[in-house]
Structure formats: structure tokens, C-alpha cells
Amino acid sequence: MLSRIAVSLIISLVLQIMLQPHLAQAAVSDAPKKLGDFSGWQAFQTKQGSHSTCYMVLRPTSMDYKLPVVSKVKLKSKEKKEPVQSLSSPKRSDVYIMVTLRPEESMNPVISYRSGYGFKQSSEVLMNAGDKSFNLFTEKDQAWARSVTMDVQVTNAIRKAKRIIIQGTSNEGGKSNDLFNPIGAESAYKAIAKACGV
């Protein structure tokens, strides 16, 4: 049985291929079927033989990522030389929230967040969905709920929330603050649940 993280990584790879048409041509024949657009959410279904995986994806409406930069300041020879810290906003790769259903693996639902940068080792991501807060564990550039129970709690909060804010820390000391508009989450979830028979 595949782990929850392995499933999320596979779906993340499929999503990246879909978002890059030149790679999509080289993808496997069982390409994801789009179930629809739901106020920003995109819903998909993939099949491998008789096994289905359904997922919904949402990109942020705004992203803020600041990376500290230390630079030397030229001063007169008698004065102390102290580094000055400023902030830069480096480019990030694709950023999104994903909710996945995989009935054959009893993984319903699995929540994941892709940051577009590598997380600080052993750091957590803070997700505020409406009036609920969750700490997600991180690995590389992704974050997940710690348990099946938490997956359900986060998914339910996302389905009811009017906004989601996710904050994380990069392996370079940068801080991110991403804002998502989850309106349409309930409709998107119903679409993937129906497609996967959950």
C-alpha cells in the first residue's frame, strides 16, 4: 500500500505534467480527466486500471515571500563594519493546495500544500482556514496533515472557509504568507467525491 505522502507526490507530479503541455504529450495514456472548474478550484480524476484517484487544486490569490539578504556596508575605516539585513522576493515554483481522494487505498481525503520552495528542516506550516488553525508537517517543498483524522478536519474547514492563509519558513530563512480564496471548495469536493464514489 502506498503511503499518504507517496500518493500526494505522485499526484503532484501528474499535476505538474498537466500544467506543462510539452510534457503532457510524453505522459502516460491514462491522462487526468478534468471534472470542472469551481470558482478557482480545478477538479480532476485519474485512472490506473480499475483504480481511481480524484483531486482538487487551488492556487493562491496572493503570495508574499521574503528572503533575508545580508550585505556589507562601506563605512569609514574607524567605524565598525556591521552587516545590514534587507529583504528580497525570490521567484517561487508552482504553489497550490490539493485535496486528494484515493478510495482503493482508503485515503479519503488527503490534504497537501506545495510551497514553491524548500522548507526549513523539521519546520511546520501554519494553515488558517476560516476560524480553524492547523500545523502541517513539511518535507522538501510540500506539507501534509499528520493523521487521517487531521486530513478530514482540514478538508472540512477548507470546504466551509471564506479564506485560507498559509505561512511557512524556507530552508534559506525566508517567510511566506499565501492567501487563498476557497469559495467553490464544497462544489469541487462533491465533484471529486462523486467521481471516485466516496
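The rules we used
Residues numbered from 1 in each chain as written. Predicted model: local features only at pLDDT ≥ 70, side-chain atom pairs only at ≥ 80, totals over all residues. Heavy atoms only, no water. Helix = DSSP H or I, 4+ residues; strand = E, 2+ residues; numbered from the N terminus. Buried < 20%, exposed > 50% of the residue type's maximum accessible area, 1.4 Å probe, protein only. Contact = heavy atoms within 4.5 Å. Areas by Shrake-Rupley, 256 points an atom, 1.4 Å probe, with all protein chains shown as cover. Phe/Tyr/Trp six-rings, centres within 6.5 Å; stacked < 30°, edge-to-face > 60°. Salt bridge = Lys/Arg side-chain N within 4 Å of Asp/Glu carboxyl O. Disulfide = S-S within 2.5 Å. pLDDT = per-residue confidence, 0-100. Expected span 1.5 Å × (residues − 1). Arc of directions from axis to C-beta. Axes fitted to C-alpha atoms, helices over the stretch in contact; angles between N-to-C directions. Parallel < 35°, antiparallel > 145°, perpendicular 65-115°, else oblique. Nonpolar A, V, L, I, M, F, W, Y, C, P; charged D, E, K, R; others polar.

Draft legend 1. Representation of the overall build of the protein chain within the structure. Helix and strand counts for the protein chain come out as four helices and 12 strands. In the protein chain, buried positions account for 42% of the 198 residues. Counted over contacts in the protein chain with a minimum sequence separation of 6, partners at least 24 positions apart contribute 59%. As presented, the protein chain carries roughly 11100 Å² of accessible surface, and 52% of it is formed by carbon and sulfur atoms.

Draft legend 2. Here's a closer look at the packing of aromatic side chains. In the structure shown here, the tally under the stated rule is six aromatic pairs. An angle of 5° between the planes, with centres 4.7 Å apart, marks the rings of Tyr65 and Tyr117 as stacked. Taken together, the residues Tyr65 in strand S4 (residues 62-71) and Tyr117 in the loop between strand S7 (107-114) and strand S8 (124-129) connect sequence positions 52 residues apart. When its relative accessible area of 6% is taken as the criterion, Tyr65 is described as buried.

Draft legend 3. Examining the pattern of salt bridges more closely. Taken as a whole and judged by the stated rule, the model has eight salt bridges. For Arg114, the salt bridge goes to Asp141, with nearest N and O atoms at 3.0 Å. One end of the pair, Arg114, is in strand S7; the other, Asp141, is in the loop between strand S9 (132-139) and strand S10 (142-144), with 27 residues separating them in the sequence. Across the pair, Asp141 and Arg114 agree in class, each one buried.

Draft legend 4. Layout of the state of the cysteines. Scanning the model with the defined rule gives one disulfide in all. Each sulfur of the disulfide joining Cys54 and Cys196 lies 2.2 Å from the other. Disulfide Cys54-Cys196: torsion about the S-S bond near 95°, hence right-handed. Note that Cys54 is positioned in strand S3 (residues 51-58) and Cys196 in helix H4 (residues 185-196), a separation of 142 residues in sequence. The same class applies to Cys54 as to Cys196, namely buried.

Draft legend 5. View of the confidence of the model for the protein chain. Averaged over every residue, the pLDDT of the protein chain is 83; residues scoring 70 or more account for 74%. Throughout residues 19-29 the model reports pLDDT below 50, and contacts reaching past four residues in sequence, or to other chains, amount to five contacts.

Draft legend 6. Expanded view of helix H3 (residues 148-160). Between its first and last C-alpha atoms H3 spans 19 Å; for 13 residues at 1.5 Å apiece the expected length is 18 Å, and the two agree. Residues of H3 that are buried include every one of Met150, Asp151, Val154, Thr155, Ala157 and Ile158, and no others. Here the buried residues of H3 occupy an arc of 160° about the axis, which is enough to place them on one side. Facing away from the buried side of H3 by more than 90 degrees, the exposed set consists of Thr149 and Lys160.

Draft legend 7. How the structure looks around the packing of H3 against H4. In the contact formed by H3 and H4, the axes pass within 7 Å of each other and the chain directions differ by 130°. By the angle between their axes, H3 is oblique relative to H4. Touching Thr155, Ile158 and Arg159 of H3 are Ala185, Glu186 and Tyr189, all from H4. A class-by-class count of the residues in the contact of H3 with H4 yields three nonpolar, one polar and two charged.

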